[in-house]
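Working through the structure, step by step
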Amino acid sequence: MNTNCLQGVMCPQCGYTESFSIMLDCAGVVTDDGLAETTHPTWDNSSRITCEGCEHDGRVGEFRQPAFYVTFETVTEASAETGEHARSGWWEPGGWLLEGADNKPPEPAYLFDPGDVDDDDHEDLDEAIAEWAVALLKREGAMHPNCEPSDDATWWGTEGNEVLDFASGETIRKSFHFHGFSDQLRRRVNARMAKED
Ligand SMILES: [Zn+2]
């Protein structure tokens, strides 16, 4: 799993994550004698990239490892009376609550791992990702799309009746936000989820 320069980068065609050929941006000072010095090479989401595993090419922004970021809102009996949330922010597996909209964690709560895919079980990588996403959303009870019809949903939320604290009656609702999915793949997951009702 990449944790440094290539964090979150994955070939959408074959799931390769180890190395890529990327067209770098860099300026060089050139004299009649040749290249004298160069600036530090950089790249961004619009840079051209080629997978070293399968030769698939595209833009860096399209080579994303699918993931879900999870936000939460809680309600207590007291906050419900005023129609407000008791707490809100980002949720991490294990029950960590990072309060505040600005507190987005550096890594998503759930990350698709192409190393877990058994090639014999799936038609292609997209199918494996769609199955992973649907299984995760179902397991976590995130069965409510943020819009109806759900084709264009960008996140799926839980029922909101999970009790955090019996004394204050605090309940939590979690929302699972698509990250690094192509629009086509997100719609495929949404169509699959709509059938699960
Ligand atoms: Zn590839």
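Within any chain, residue numbers begin from 1 and follow the written order of that chain's sequence. Owing to the predicted nature of the model, reporting of local features is limited to residues with pLDDT of at least 70; listing and counting of side-chain atom pairs is limited to 80 or more, with chain, interface and lining totals taken over all residues. To obtain the side-chain values, all non-hydrogen atoms of the structure were used and water was disregarded.

With that out of the way, let us pick up the packing of helix α2 (residues 125-139) against helix α3 (residues 183-194). Where α2 meets α3, the closest approach of the two axes is 9 Å, and the angle between their N-to-C directions is 45°. Viewed along their axes, α2 and α3 adopt a mutual orientation that is oblique. Judged by the twist between their axes, the crossing of α2 over α3 is right-handed. Between α2 and α3, the contacting residues are Asp126, Glu127, Ile129, Ala130, Glu131, Ala133, Val134 and Leu137 on the first element and Leu185, Arg188, Val189, Arg192 and Met193 on the second. For this scheme, ten residues count as nonpolar: Ala, Val, Leu, Ile, Met, Phe, Trp, Tyr, Cys and Pro. Four count as charged, namely Asp, Glu, Lys and Arg, and the remainder, Gly too, count as polar. Each residue belonging to the contact of α2 with α3 can be placed in one class, and the counts come to eight nonpolar, no polar and five charged. The axes are straight lines fitted to the C-alpha atoms, using for helices just the contacting stretch, and the angles between their N-to-C directions are given from 0 to 180°. Helix and strand assignments come from DSSP, with helices taken as H or I runs of at least 4 residues and strands as E runs of at least 2, each series counted from the N terminus. Angle categories: roughly parallel below 35 degrees, roughly antiparallel above 145, roughly perpendicular from 65 to 115, and oblique for all the rest. Each crossing is labelled by how the near helix is turned from the far one, with a counterclockwise turn of less than a right angle marking it left-handed and a clockwise turn marking it right-handed. It only takes one pair of heavy atoms within 4.5 Å for two residues to be counted as in contact.

If you check α2, its first and last C-alpha atoms are 21 Å apart, about what 15 residues at 1.5 Å a residue would give, namely 21 Å. Those residues of α2 that are buried lie in contact with β6 (67-75), β9 (110-111), β11 (155-157), β13 (170-179) and α3. Polar contact criterion, stated in full: a pair of N or O atoms within 3.5 Å, where within protein one must be able to donate a hydrogen and the other to accept it, and residues adjacent in sequence count only if both atoms are side-chain atoms. Backbone nitrogen of Asp126 and a side-chain oxygen of the N-cap are separated by 3.3 Å at the start of α2; the cap is Asp124. Following α2 by one or two positions, Gly141 adopts a phi angle in the positive range, close to 75°. Take the number of residues in a helix, subtract one, and multiply by 1.5 Å to get its expected span.

Moving on, we get to the pattern of salt bridges. The working definition used for a salt bridge is a side-chain nitrogen of Lys or Arg within 4 Å of a carboxyl oxygen of Asp or Glu. Considering all chains together, one arrives at nine salt bridges under this definition. The shortest N-O distance in the salt bridge between Glu140 and Arg139 comes to 3.7 Å. In this structure, the salt-bridge partner of Arg187 is Asp152, at a minimum N-O distance of 2.9 Å. Of this pair, Arg187 sits in helix α3 while Asp152 is found in the loop between β10 (144-145) and β11, placing the two residues 35 residues apart along the sequence. Residues joined in a network through salt bridges with shared partners are Asp124, Glu127, Arg188 and Arg192.

Moving on, we come to the domain arrangement of the protein. Throughout the structure description, domain borders are defined by an automatic or database domain assignment. Considered domain by domain, the protein is made up of domain 1 (1-64) and domain 2 (67-194). Between the C-alpha centres of domain 1 and domain 2 there is a distance of 31 Å. On the side of domain 2, 10 residues touch domain 1, which itself brings 10 residues to the contact. Counting across the domain 1 and domain 2 interface gives zero salt bridges. Across the domain 1-domain 2 interface, the total number found is zero residue pairs in polar contact (both at pLDDT 80 or more).

Taking 1.5 Å of rise per residue, the 12 residues of α3 would be expected to cover 16 Å, and the 16 Å separating its terminal C-alpha atoms lies within 8% of that figure. Taken together, the buried positions of α3 are occupied by Leu185, Arg186, Val189, Asn190 and Met193. For α3, the angular spread of buried residues about the axis comes to 140°, placing them on one side. Residues of α3 that are buried make contact with α2, β11 and β13. Under the scheme applied here, a residue whose accessible area is under 20% of the maximum for its type counts as buried, over 50% as exposed, and between as partly exposed, the area being computed with a 1.4 Å probe on protein chains only. By definition, the arc is the one covered by directions from the helix axis to the C-beta atoms.

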